[in-house]
Protein chains: 2
Amino acid sequence: MGGLPPTLRHIVESGTPGASVTVTGWVRTVRVQKRVAFAEVSDGSMLRGVQVTMDDPQMAAALTTGCSVEITGQLVDSPEREQSKEVRATAIRVVGASDPEHYPLQKKRHTLEFLREIGHIRPRSQTIGAVTRLRDRAEAAVHRVLRDSEFVRVHTPALTANDCEGGGETFAVAAGGQPGAAFFDRKVSLTVSGQLHLEVFAGAFKRVYAFNPAFRAEPSQTGRHLSEFWMVEAECAFVDSLPALMDVGEALVRGTTRHLLDTAAPELEFFSAGNERLARLVRRLADPQQYPRISYTEAIDILQRADAAAKFEHKPRWGRALQSEHERHLAAAHFQGPVFVTDYPAETKPFYMLPNADGRTVSCMDLLVPGPCELMGGSLRDHDHARLARRIADLGVEDGSLDWYLDLRRYGTTPHGGFGMGFERFLQMLTGLDSVRDIIPFPRHAGRCQY
Amino acid sequence: MGGLPPTLRHIVESGTPGASVTVTGWVRTVRVQKRVAFAEVSDGSMLRGVQVTMDDPQMAAALTTGCSVEITGQLVDSPEREQSKEVRATAIRVVGASDPEHYPLQKKRHTLEFLREIGHIRPRSQTIGAVTRLRDRAEAAVHRVLRDSEFVRVHTPALTANDCEGGGETFAVAAGGQPGAAFFDRKVSLTVSGQLHLEVFAGAFKRVYAFNPAFRAEPSQTGRHLSEFWMVEAECAFVDSLPALMDVGEALVRGTTRHLLDTAAPELEFFSAGNERLARLVRRLADPQQYPRISYTEAIDILQRADAAAKFEHKPRWGRALQSEHERHLAAAHFQGPVFVTDYPAETKPFYMLPNADGRTVSCMDLLVPGPCELMGGSLRDHDHARLARRIADLGVEDGSLDWYLDLRRYGTTPHGGFGMGFERFLQMLTGLDSVRDIIPFPRHAGRCQY
């Protein structure tokens, strides 16, 4: 794509010292001294910009923070940074000015909360820049890990007539002022999960995945929830063991982290600088040693023993859902790393999960990690037509809206299972950031949908 | 991911003749003869399934079309097909039965219209199977082409407070029975394009792209329209020439097609079998020779000269939008291949496009192709703050909802541009299929949102 100006990364990595170059980007900082001036020019292709040296300080006269520039000069080895290069400018052109009185992203360090208020400018900040590149590389890594294992990508729909998790916090869709039913032939909402649709394709392609936005009208204001978020979901046919399914989930997390250590090392180091706990977590995720796997029952035991010291707000008791404080204790305090928790009580989980022989629990797994707590949730799916049909009838679904889902168990059913991983939570874990609102380009949550 | 059963493709491509293998999949056909029986078992990993030979016809007794099986046997060279292999079965287990009385996907050839009625079963059909693999490979190719050119992927939002194209056919979003404004702090709709949001990131990363679902409450029932579809959008900063932008769009189409010739040759051949016109189009798209580029004014000339023979329903006249019949004539009849049409009259195009010096036209381009007609649309964007502010005021937007968009022109603006390509249309072009409803896994359109 020869018509595009090269990225700074390309210039620095493949330019030879002495070469004549043209640098385009945005000015991050300007320093004017008596006999020389410096500017850092960035274009998002690297953590730090390129240093431009001006032998005549007058050349910097028109440069302000945030302005866009085209600078011609000579590429030279940087005396300051090893294995880096800088540009000695011969000509400077301001492409687009930036009024220093009003430009909201000044040199000083801004809080992430402030940066959220200038969501259309914050991509130029170093932190959001690093998040964006890490996110980009992470997406590529997810695709690569799954494709290398012959998973087929399926574009499950955002608009759906089926609500996977059953009831709850969905967004309704309307057209032209009319409810959706007037446009479509039924009530339509935004998907909370592509799982049911993915099961259709698992029943034809064996290994499938989706990497799509999902939507929850979640009213709670936490750093872990968004109204719109991206999710990686995988579904595998001919799988009848939870350990095999955990192997797949674990391979995804480990493989993606490893690719990132190759393709986004500067970004990972930027976030873990001075945070040895985070650096250790990243190494642990990439390590070949299997992540610990405990049952829900064992988890309750651990939590009850810990309660004397931890003083949980919700007392851990068998039969109740695990709360965030419990998940946090297991991942951050007890295991200090990733841990799978399996076989939860049936009544805490959705209808489609495969019942265990004990009659009390289902074949499911959650992957808990320090930071976002629940990173991944999955299960074997009930593949028995008669049992699932009874379960659906018990739920009171009598409108036939799940007949197609039952059909998958009528015609060549197989033991199968899958999981979903929140993509923002995955990145939250790797960056150690407090809020997923800083992980997604344009966060949407209760009370906020700007831009 | 060792716990998963291997795909048939893996077994056929890397298994050695004589090896003992276990094959899992779904039975497509069964043929029972006097001394031998045959079954074709498929798992979506290849165009055709694997042939299983049973030396005892009794072994096939439980096999019916659509049932899922686990078959153990010996891999042998196929006497029928060159460079292929088949399996001589020693043991057969039906994993999930399929009642031959009711299974809707029988051996006989079904119409695509009928397959749409059984959307949860159709992925097992040969045509939808081929579409799904082609779609999967095409997505991978798009990412690869853009990443190889250092584009950064941005997840632009589906929920938006800004409606890019201005007015028109958007879906509104509501939460918990309340309009969206009660959940968010404003009116929220589903995005029709990620362009405006992508411009934010182009102003920090130079080259960015999105590959997301987009939504239009389009009432028309054509083979080219969906309510939910996927779009590849690219945006480039520091680009001030339409030819450079067309180079990028052309490189995307050519590069993706070339990758598909490497990674999905059997699928491309399946669709172009007996259709030399389609085969020629695919070759043309991959060919290095530049796609023709004409101005809208030249296009009108061509159409007016053709009108005597073509007898257009809408008479081509300068100043009017091109109709489908016009686009079809240009791409399918006149150029018989891809053609860019540039510099349309300003009044036929949205507010953000860069005006040309003539005062009548804007710097835009559409890529027309045989089949879906309009494959891609793009433009240079107006990067001048004062002019764009006037244009927005002229439109009557006075609520400040585009202030952030104007801000991009206040702080380090650059000449920039981008385009969007309908992903289903791209695949419609390559498959020659009449309707995009057969290209997307679960089609949504006026009157229909099943599953």
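All figures in this text were calculated on a predicted structure; none of them were measured in a lab. (Residues numbered from 1 in each chain as written. Chains lettered and ligands numbered in written order. Predicted model: local features only at pLDDT ≥ 70, side-chain atom pairs only at ≥ 80, totals over all residues. Heavy atoms only, no water.)

Draft legend 1. Main features of the sheet that holds strand 3 (residues 50-54) of chain A. All names here are of chain A. Strand order around the closed barrel formed by five strands is 1-2-3-5-4, with mixed pairing between neighbours. Across this sheet, the average inter-strand angle for adjacent strands is 55°, counted without regard to direction. Both strand 4 (residues 68-77) and strand 5 (residues 85-96) contribute to a ladder of ten bridges, which runs antiparallel. If you follow Thr72 over to strand 5, its bridge partner there is Ala91. (Pairing = 2+ DSSP bridges. Helix = DSSP H or I, 4+ residues; strand = E, 2+ residues; numbered from the N terminus. Axes fitted to C-alpha atoms, helices over the stretch in contact; angles between N-to-C directions.)

Draft legend 2. Spatial organisation of the state of the cysteines. Across all of its chains, the model carries zero disulfides over all chains by this definition. The thiol sulfur of Cys373 of chain B is not disulfide-bonded, and the nearest other cysteine sulfur, from Cys364 of chain B, lies at 17 Å. (Disulfide = S-S within 2.5 Å.)

Draft legend 3. Molecular detail of the relation of the copies chain B and chain A. Laying chain B over chain A is done by rotating through 180° and shifting 0.0 Å along the axis; what remains is an RMSD of 0.0 Å. Considering both components of the superposition, the chain copies are consistent with a two-fold axis. Among all residues of chain B, the one whose C-alpha sits closest to the rotation axis is Val173 of chain B, at a distance of 2.4 Å. A shared interface surface links the copies, since 100% of the contact residues of chain B are contact residues in chain A too. (Least-squares fit on C-alpha atoms with pLDDT ≥ 70 in both. Contact = heavy atoms within 4.5 Å.)

Draft legend 4. Local environment of the domain arrangement of chain A. All names here are of chain A. Along its sequence, chain A is organised into domain 1 (8-103) and domain 2 (122-438). The distance between the C-alpha centroids of domain 1 and domain 2 comes to 44 Å. Domain 1 puts ten residues into the contact, and the matching count from domain 2 is nine residues. Between domain 1 and domain 2, the buried area comes to about 700 Å², and carbon and sulfur atoms account for 42% of it. (Domains from an automatic or database assignment. Buried area = accessible area lost by both parts, 1.4 Å probe.)

Draft legend 5. Spatial organisation of the interface of chain B and chain A. Residue-level contacts link 115 residues of chain B with 115 residues of chain A. When chain B packs against chain A, close to 9300 Å² is buried across both sides, 65% of that on carbon and sulfur atoms. When the buried area of chain B at its contact with chain A is split by residue, Met1, His155 and Tyr411 of chain B rank highest and sum to 9% of it. At the boundary of chain B and chain A, one finds six salt bridges. (Salt bridge = Lys/Arg side-chain N within 4 Å of Asp/Glu carboxyl O.)

Draft legend 6. Seen up close, the pattern of salt bridges. For the structure on display, the rule yields 45 salt bridges over all chains. Close ionic contact of Arg147 of chain B with Asp136 of chain A constitutes a salt bridge, the shortest N to O distance being 2.9 Å. Placement of the pair is Arg147 of chain B in helix 3 (residues 126-148) and Asp136 of chain A in helix 3 (residues 126-148), with the two residues belonging to separate chains. In this structure, Arg116 of chain B engages Asp438 of chain B in a salt bridge whose closest nitrogen and oxygen atoms are separated by 2.8 Å. One end of the pair, Arg116 of chain B, is in helix 2 (residues 112-117); the other, Asp438 of chain B, is in the segment after helix 13 (423-431), with 322 residues separating them in the sequence. Given a relative accessible area of 2%, Asp438 of chain B falls into the buried group. Each member of the salt-bridge network shares a partner with another, and the members are Asp247, Glu250, Arg254 and Arg293 of chain A. (Buried < 20%, exposed > 50% of the residue type's maximum accessible area, 1.4 Å probe, protein only.)

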